[in-house]
Every structure is written in C-alpha cells, then in structure tokens.
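The residues making up each chain are set out below.
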Amino acid sequence: MKYILVFVMFYSIAFAQAQELTNLQVSILNANNKVEIGEKYFSSGNYDSAVLYLEYFNTFCEQLSAKDNWRYEKSVFMLGQAYKSLANYDKAEDKMKESIIITKKRYGAYHKEYFYSLSDLIILYVTLGEVNKALILNLESIDNYPVKNSDKDIFYGAQLMQTSRLYRDLGEYDKSLWFYSKGHPIIINHYGKKSWNNGWDMIGISETYGLLGNYDTAISVCLKGLEIVEKSIGQENKYFDIGIENLTTLYYKKGAYGEAILVGLGALESIENRFGKQSLQYGLSLNTLGVVYSQQGNYASA
C-alpha cells in the first residue's frame, strides 16, 4: 500500500510538471503566432494593429526573462518605427533606445547594425526638432563608424551630410560647410553626379550659403541642384518643390525681386495643377510670393 501511494504521488507530480510544460509550449506557440501577425500588419502599414500584437510578444518575453532572441530584437525595432508612424514619440523613443542597447550588446559598439540603430533615433530627434540630441548621436556615429568600417561607405557619407544639416539648423554655418565638403564627395562617388541625391544635397547646401549671405554662390548652387533633380526625376516631386521655394527665397533675400516673382509664379502654377488651390503646398507657395510682392511695394498683388 505504501509503494502504491508513493507511485501515485510521483505520477501526480510528473503529470503536473508535464501539464505545466505543455501549457508553456502552448503559450510560446501562441506568442509566436501573434508576433508573426504583428510583423505582417507592420509590413502592410497597419501600425495600430501591429502594435497590439508586437507588444503582446514583448510582454510575454519579458515575463519569461527571454528577451535574448532575434525575434524580440526585431519586434522592438518594429515597435519603435510603428510608434513613430503613429506620432507616439515618447514610446518610439523608448523602443529605439532599447533597440540600441540590444544591438550594442549583440554586435558591439562598432558594428554597422549598431550605427543603424543610432540613425533611427537621430531621425526621430530631427523629426521632433531636438537638434542638439540628434547632433550628439550623429557625432558619436561619425567618430566611431570608421574604426571598423570604411569611411567611403554611403552610410558614413549620409551621416556626414546629416551632421552638416544639423549644424546649419544650429546656426553654425562654417561647420555645416565643412561637413558638407567631407560628405558630398562620398554621395557623388556612390550615386553619381547626375543623381537626384546629388541635386538634393546641392539644394540643401545652397540654403547654408544663403544664410551666410553669399547669395550669388547660393543661387548658382541651387540652380545646378534643381537642374540635376529635374533631369533625374522630373519636376513633380518634393525635392524640386523645396528647391524652387529655396530659390525664390534666395532671390528675395538678395533683393532680386523680379527673379523671385518669376520663379515663385512658376512654382505656384505647378503646385496648383498638381495639388489644387486648397492644398497646404499651394498655401505655403502663395505666402512666399506674397512676402516678395510686399517687399517690392506691390501690395495689391500681395
């Protein structure tokens, strides 16, 4: 009888353990199914639904202390991007910071994946207008990237150009030009002189020349950039629109009101045809033209 009781107790414990293991396996399978659904929603741009499923998987991994796996790493990355797309910037920042920590732990501080993670957070800070935060990370990136990677890589060139733009936004125009001089040759070498990327960078740096008061150089560079963009991808794109707006402003600041109005009217007509008079783009272009007319003293047209 004694042995029978011992056997029953042993069997009961074994059964309970097996049942517990089975329940865990079911939970793991369920979590994997949910993260797969979340990834599909993310890929289709349905970020609200993606967040629900990806957060479920994240919480499950945290409860099991099982965050050290590639799928958790991927889900954290996706959550950062999804929250950014949903304009939930606080959560986006938290997830991107976590992604940086995970990537650094897995690959090290000089691996490309680590710098890609940094870049995601830099872009978020730029979106939020937090230029100083973005600059700190950008400087870390360009200082450390060449340690184990080529300083001819397009990613490195893009980071140099980003640093140029950040210094421009902070009003440090000489530093902006210096980083442009280092990054622009890498862009040209990778994409070619006739690429829209080159044209777009030239349009961007023309603004810096304008802020320095060097309007002749600014206008010349902007015109060349516009020409390259137009030949590469045409006029109906945001890069050309921004370039035309920039050119109008440069002519206006130089005091060449006739040229500014001529360029501005052409831009206004193009935007009206593409977006209509009720669009934000049309309103911005109209406002720019109105400022030029006012400065010229032509208040009726303004």
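None of the values given here were measured: they were computed from a predicted structure.

Which residues make up the overall build of the chain, and what are the values?
A count of helical and extended segments in the chain gives 13 helices and zero strands. In the chain, which comprises 302 residues, the proportion classed as buried is 39%. Contacts in the chain between residues at least 24 apart in sequence constitute 56% of all its contacts with a sequence separation of at least 6. Roughly 17,100 Å² of accessible area belongs to the chain as shown, and the carbon and sulfur atoms make up 55% of that amount.

Tell me what's going on with the environment of S141, and back it up with residues and numbers.
Tracing the backbone through its elements, the reader meets S141 in helix α6 (residues 131-148). Distance from S141 to F115, taken between C-alpha atoms, is 6.3 Å for residues 26 residues apart in sequence. Apart from residues lying up to four places away in sequence, S141 is in contact with F115, P146, F155 and Q159.

Go over helix α12 (residues 257-275), please, and point to the residues and values.
Here α12 spans 26 Å end to end across 19 residues, near enough to the 27 Å set by a 1.5 Å rise per residue. Considered for burial, the residues of α12 that qualify are A260, I261, V263, G264, A267, L268 and I271. Seen end-on, α12 carries its buried residues on one side only, within an arc spanning 170°. When the buried face of α12 is taken as reference, the exposed residues oriented beyond 90 degrees from it are L262, E269 and N273. At the C-terminal side of α12, G276 shows a positive phi close to 90°.

Help me get a handle on the side chain of T103, residues and values and all.
Structurally, T103 can be placed in helix α4 (residues 89-107). Here S99 takes part through its backbone oxygen, which lies 2.7 Å from a polar atom of the side chain of T103. Not counting chain neighbours up to four residues away, the residues in contact with T103 comprise E73, G108, E113, Y114 and S117.

Residues and numbers for the packing of helix α8 (residues 173-191) against helix α9 (residues 196-211), please.
It is the contact of α8 with α9, at a shortest axis distance of 10 Å, that shows an interaxial angle of 170°. On the basis of the axis angle, α8 is roughly antiparallel to α9. Pair α8 / α9 crosses with left-handed handedness. On α9, the residues that touch Y173, S176, L177, Y180, H184, I187, I188 and Y191 of α8 are N197, N198, D201, M202, I205, T208, Y209 and L211. Looking at the contact of α8 with α9 residue by residue, the classes come out as ten nonpolar, five polar and one charged.

Please give an account of the packing of helix α7 (residues 154-169) against α9 that cites residues and values.
The interhelical angle for the contact between α7 and α9, taken along N-to-C directions, is 30°, at an axis separation of 11 Å. Our classification of the angle between α7 and α9 gives roughly parallel. α9 is crossed by α7, and the crossing has left-handed handedness. Here α7 contributes M161, S164, R165 and R168 to the contact with α9, which in turn contributes D201, G204, I205, E207, T208 and L211. A class-by-class count of the residues in the contact of α7 with α9 yields three nonpolar, three polar and four charged.

Give a description of helix α3 (residues 70-85) that names residues and reports values.
Three or four residues apart is the spacing at which side chains of an α-helix point the same way, because the helix has 3.6 residues per turn. Over its 16 residues, α3 extends 23 Å from the first C-alpha to the last, a length consistent with the 22 Å expected when each residue adds 1.5 Å. Here α3 has its buried residues at R71, Y72, E73, S75, V76, M78, L79, G80, Q81, A82 and Y83. In the segment just after α3, A87 is the residue with positive phi, at about 65°.

Which residues make up the confidence of the model for the chain, and what are the values?
Per-residue confidence for the chain averages 87 on the pLDDT scale, and 89% of its residues sit at or above 70. Note that residues 2-18 has pLDDT below 50 and, in this model, zero contacts with residues that lie over four places away or in other chains.

Can you tell me about the packing of aromatic side chains, naming the residues and giving the values?
The full count for this structure, using the stated rule, is twelve aromatic pairs. Consider the rings of F115 and Y145, whose centres lie 5.2 Å apart with planes at 65°: the pair is edge-to-face. Of this pair, F115 sits in helix α5 (residues 112-128) while Y145 sits in helix α6, and the two are 30 residues apart along the sequence. Pairwise contacts between aromatic rings join Y114, F115, Y116, Y145, F155 and Y156 into one cluster. Between K34 and the ring centre of Y56, over which it is positioned, the NZ or CZ distance is 4.9 Å.

Account for the pattern of salt bridges, naming residues and giving values.
Pairing of side chains with opposite charge becomes possible as their charged atoms draw close. Summed over the entire model, instances satisfying the criterion amount to 18 salt bridges. In this structure, R71 engages E36 in a salt bridge whose closest nitrogen and oxygen atoms are separated by 3.7 Å. Placement of R71 in helix α3 and of E36 in helix α1 (residues 2-44) is noted, with a sequence separation of 35 residues between them. By relative accessible area, which is 16% here, R71 ends up buried.

Criteria and cut-off values
Residues numbered from 1 in each chain as written. Predicted model: local features only at pLDDT ≥ 70, side-chain atom pairs only at ≥ 80, totals over all residues. Heavy atoms only, no water. Helix = DSSP H or I, 4+ residues; strand = E, 2+ residues; numbered from the N terminus. Buried < 20%, exposed > 50% of the residue type's maximum accessible area, 1.4 Å probe, protein only. Contact = heavy atoms within 4.5 Å. Areas by Shrake-Rupley, 256 points an atom, 1.4 Å probe, with all protein chains shown as cover. Expected span 1.5 Å × (residues − 1). Arc of directions from axis to C-beta. Polar contact = N/O pair within 3.5 Å; in protein donor to acceptor, adjacent residues only side chain to side chain. Axes fitted to C-alpha atoms, helices over the stretch in contact; angles between N-to-C directions. Parallel < 35°, antiparallel > 145°, perpendicular 65-115°, else oblique. Left-handed = near helix turned anticlockwise from the far one by under 90°. Nonpolar A, V, L, I, M, F, W, Y, C, P; charged D, E, K, R; others polar. pLDDT = per-residue confidence, 0-100. Phe/Tyr/Trp six-rings, centres within 6.5 Å; stacked < 30°, edge-to-face > 60°. Lys NZ or Arg CZ within 6 Å of the ring centre and 35° of its normal. Salt bridge = Lys/Arg side-chain N within 4 Å of Asp/Glu carboxyl O.

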